[in-house]
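# Notes for the structure review
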Amino acid sequence: MNRLESLQWQCKKMWIPYLMPEFPVPNTTVPTLLALQRSGADVIELGFPHSDPLADGRTIQDAAQVAIRNGVTLPKLLEWIYKARTASPEPLQIPLIVMGYINPILQYGIERFLAEAKTVGVDGLIVPDLPPEEAEEFRQKCIAQHLALVFLISPVTSEARIQKIDALATHFLYAISVNATTGTGKLSAQDTSQIRPYLERVRRNAKKPFVVGFGIEAAEQAASILEVADGVVVGSALLRAMSAAKSAAETVALAEAFWKTLCQSHTNRLCLTSSDANRQNAVAYLKPIDHIHASLDQTEGGVTPV
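Now for a quick tour of the structure. Source: prediction; values computed, not measured.

## As for the pairing of strand β1 (residues 14–19)
- Within β1, 6 of the 6 residues are buried, leaving the element largely enclosed by the surrounding structure.
- As paired strands, β1 and strand β8 (residues 231–234) are joined by 4 bridges and run parallel to one another. When the sheet's bridge partners are listed, Trp15 is paired in β8 with Val232.
- Where β1 lies against strand β2 (residues 44–47), 2 bridges are found, and the strand directions are parallel. Of the residues in β2, the one forming a bridge with Tyr18 is Glu45.
- Read as a crossover between parallel neighbours, the route from β1 over helix α2 (residues 29–38) to β2 is right-handed.

## Side note on the sheet that holds strand β3 (residues 96–99)
- Ordered in space as β1-β2-β3-β4-β5-β6-β7-β8, the 8 strands form a closed barrel in which the pairing is parallel. Put simply, the sheet's adjacent strands are angled 25° from each other on average, direction ignored.

## With respect to the packing of aromatic side chains
- Enumeration according to the criterion identifies 4 aromatic pairs in this entry.
- Between the NZ or CZ atom of Arg112 and the centre of the ring of Tyr108, over which it lies, the distance is 3.9 Å.

## A closer look at the pairing of strand β6 (residues 173–176)
- Burial along β6 is two-sided: Leu173 and Ala175 and Tyr174 and Ile176, pointing in opposite directions, are all buried.
- Two elements, strand β5 (residues 148–153) and β6, share 3 bridges in a ladder whose sense is parallel. Bridged to Ile153 within β6 is Ala175.
- With helix α8 (residues 159–168) bridging β5 and its parallel neighbour β6, the resulting β-α-β unit is right-handed.
- Both β6 and strand β7 (residues 210–213) contribute to a ladder of 4 bridges, which runs parallel. Each bridged residue has a counterpart across the sheet, and for Leu173 the counterpart in β7 is Phe210.

## Observations regarding unusual backbone geometry
- Cis geometry marks the peptide bond from Phe23 to Pro24, where omega comes out at 0°.
- Here Ser88 and Pro89 are connected by a cis peptide whose omega angle stands at 5°.
- Relative to the assigned elements, Pro89 resides in the loop between α4 (74–85) and β3.
- One non-glycine residue, Glu22, lies in the positive phi region at around 55°.

## Section: the side chain of Gln37
- Within the fold, Gln37 resides in helix α2.
- Overall, Gln37 belongs to the buried group, its relative accessible area being 16%.
- Contacts of Gln37, omitting those with residues within four sequence positions, involve Ile44, Glu90, Pro91, Leu92, Gln93 and Ile94.

## So, the pattern of salt bridges
- One pass over the structure, following the stated rule, counts 19 salt bridges.
- One salt bridge in this structure joins Glu90 and Arg38, with 2.9 Å as the shortest N-O distance. In this pair, Glu90 sits in the loop between α4 and β3 while Arg38 sits in helix α2, placing the two residues 52 residues apart along the sequence.
- Classification of Glu90 by relative accessible area gives partly exposed; the value is 26%.
- Its relative accessible area of 40% is what places Arg38 among the partly exposed residues.
- Note that Glu133 and Arg161 form a salt bridge whose closest N and O atoms lie 2.5 Å from each other. Within this pair, whereas Glu133 is found in the loop between β4 (124–126) and α7 (136–144), its partner Arg161 is found in helix α8, the two being separated by 28 residues in sequence.
- Glu133 sits in the partly exposed class, given a relative accessible area of 46%.
- Linked through salt bridges whose partners overlap, the residues forming this network are Arg38, Glu90, Glu256 and Lys260.

## Some thoughts on the environment of Met242
- On the secondary structure map, Met242 appears in helix α11 (residues 236–242).
- Distance from Met242 to Glu256, taken between C-alpha atoms, is 9.5 Å for residues 14 residues apart in sequence.
- Met242 has contacts with Leu19, Phe23, Pro24, Thr32, Thr251, Leu254 and Ala255, leaving out every residue within four places of it along the chain.

Here is what the cut-offs are and how they apply
- Along each chain, the written sequence defines residue order, and numbers are assigned to residues from 1.
- In keeping with the predicted nature of the model, local features appear solely for residues at pLDDT of at least 70, side-chain atom pairs appear and are counted solely at 80 or more, and the whole-chain, interface and lining totals rest on all residues.
- As a rule here, side-chain values cover all heavy atoms of the structure and leave hydrogens and water aside.
- Throughout this description, buried means an accessible area under 20% of the type-specific maximum (1.4 Å probe, protein chains only), exposed means over 50%, and partly exposed covers the range between.
- Under the scheme used here, helices are H or I runs from DSSP no shorter than 4 residues and strands are E runs no shorter than 2 residues, and both carry numbers assigned from the N terminus.
- Pairs of strands are assigned from DSSP output, requiring at least two bridges between the strands.
- By convention, a crossover is right-handed whenever its connection, traced from the first strand over the helix to the second and viewed with the strands pointing away, goes clockwise.
- In this analysis, axes come from line fits to C-alpha atoms, helices being fitted only over the stretch in contact, and the angle between any two N-to-C directions falls in the range 0 to 180 degrees.
- The criterion for an aromatic pair is that two Phe, Tyr or Trp rings (for Trp, the six-membered ring) have centres within 6.5 Å, with stacked assigned to planes under 30 degrees apart, edge-to-face to planes over 60 apart and tilted to the rest.
- In this scheme, Lys NZ or Arg CZ marks a charge over a ring once it lies within 6 Å of the ring centre and within 35 degrees of the ring normal.
- Between two residues, a contact is recorded if the distance between any of their heavy atoms is within 4.5 Å.
- Basic side-chain nitrogens of Lys or Arg form a salt bridge, by our definition, when they fall within 4 Å of a carboxyl oxygen of Asp or Glu.

In short, the description is geometric, and any link to function would need to be established separately.
Written out as structure tokens, the structure is:
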């Protein structure tokens, strides 16, 4: 059982920050990852910048441009993840999901990228421009490397398609809160109870856990969403809180303060869906993955990922 599966087995609500590497100044990625872990993050979503993003709002687009100017590349991103995983005396121990786009992965080489990602300590991937209909080969390669693959659903996704995407996802789904880009004010402008029917529709049609992102910026919003969902992702609000930093130390301090304020009163709440039935669902989808992993472990040649 890997880090992500171990967390899900606890049936705990997931508080997930989205971090853009080397934002807003260089030499911040590793210390900020560790600061978010200290501040109560359960999982971290780490982006890698791309010139043609999908669904990213202004805040994340601007942060990506800063990251590119500050020298972020895929090899450097993997190096920083490895440094975080092996940091002393406080290594990164929580699950880490990398969010990026398919073209940079294709250019890098799929097999090479997935193998290196696993070796340095990545736990899973979100590739928003990889359509589910074209994802099976990539999905199988992720499974072979013990990497989760997360797919997106939206308020206009049909029940049949939710079920199809749920079957493809290895560990959990990512539900976009509203039809808008990241950092949208659309969610803030409405009572989060208005999206509850949508979240309940996802709950009815998905056997796996699901997290919700896009436009979440306050603890009250997150707590309301977590009454139905299994986790929340907060990105643009975190990046805005960090954006004025002029040094690595200031970046770390701002990120840590924001995340503690956001989730300090809710971090230890158990999953509201942690009934026996839901635990059995978790067992049902984790067992096949464990079986695949056990078979692969016998033929991996002794390579020990971080």
